[in-house]
Amino acid sequence: MSVNIDLAFTVTGVADDPQGLRIVSALQELMDEEHIGLQVGIGVARDDDGALFVSGTSDFPLCVSRFYLWRPHFEKRFQDTVEEAAAGVVGRIEWGYPDEEY
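Let me begin by describing the structure that accompanies this report. (Residues numbered from 1 in each chain as written. Predicted model: local features only at pLDDT ≥ 70, side-chain atom pairs only at ≥ 80, totals over all residues. Heavy atoms only, no water.)

For the rest of this paragraph, the subject is the overall build of the chain. The secondary structure content of the chain amounts to two helices and five strands. Start at the N end of the chain and walk to the C end: the helices and strands fall as β-α-β-β-β-α-β. In terms of overall size, the chain behaves like a compact globule, its C-alpha atoms giving a radius of gyration of 14 Å where 102 residues would be expected to give roughly 13 Å. Considering the chain as a whole, with its 102 residues, one finds that 37% of them fall into the buried category. In the chain, 67% of the contacts between residues at least 6 apart in sequence involve partners at least 24 apart. Working note: accessible area of the chain is about 6,200 Å², and carbon and sulfur atoms make up 51% of it. (Helix = DSSP H or I, 4+ residues; strand = E, 2+ residues; numbered from the N terminus. Rg over C-alpha atoms; globule rule 2.2 N^0.38 Å. Buried < 20%, exposed > 50% of the residue type's maximum accessible area, 1.4 Å probe, protein only. Contact = heavy atoms within 4.5 Å. Areas by Shrake-Rupley, 256 points an atom, 1.4 Å probe, with all protein chains shown as cover.)

All right, on to the environment of R66 then. Within the element layout of this structure, R66 appears in the loop between β4 (62–65) and α2 (67–85). Residue R66 is classed as partly exposed on the basis of its relative accessible area of 47%.

The next thing to look at is the pattern of salt bridges. Applying the stated rule across the entire model yields five salt bridges. Measuring nitrogen to oxygen at the nearest pair gives 2.9 Å for the salt bridge that ties R71 to E75. With a gap of four residues between them, R71 and E75 both fall in helix α2, about one helical turn apart. Because the salt bridges share partners, they merge into one network encompassing E33, E34 and R77. (Salt bridge = Lys/Arg side-chain N within 4 Å of Asp/Glu carboxyl O.)

Here we take up α2. The terminal C-alpha atoms of α2 lie 26 Å apart, and with 19 residues this matches the ideal 27 Å at 1.5 Å per residue to within 8%. Restricting attention to buried positions, one finds in α2 the residues F67, W70, F74, F78, T81, V82 and A85. Down the axis, α2 shows its buried residues gathered within 95° of arc, on one side only. Of the exposed residues in α2, the ones pointing more than 90 degrees away from its buried face are Y68, K76, E83 and E84. Among the structural elements, β1 (2–14), α1 (17–33), β4 and β5 (90–96) are those in contact with the buried residues of α2. (Expected span 1.5 Å × (residues − 1). Arc of directions from axis to C-beta.)

Structural data, given as structure tokens:
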């Protein structure tokens, strides 16, 4: 069974622009490997206090088959990718369920 999912994530604790770009590159590679790279935008920005962070969101709901199996797999790969790209940063994923909003 497939489900429509909104994906959003943030990575905080980014030290500088080069580190932010390494994280973006690593996460883009992950998205490509998971076959959602063309559907998820990723970038580096500054919050109101001037701290750098990386964020990404799906451009539209992702249709995922067997989401209950894919989710833990993806969440682990996401955390591993973030940790490999930059030790000490914190990655957080937020899932949305647009079909439940109607």
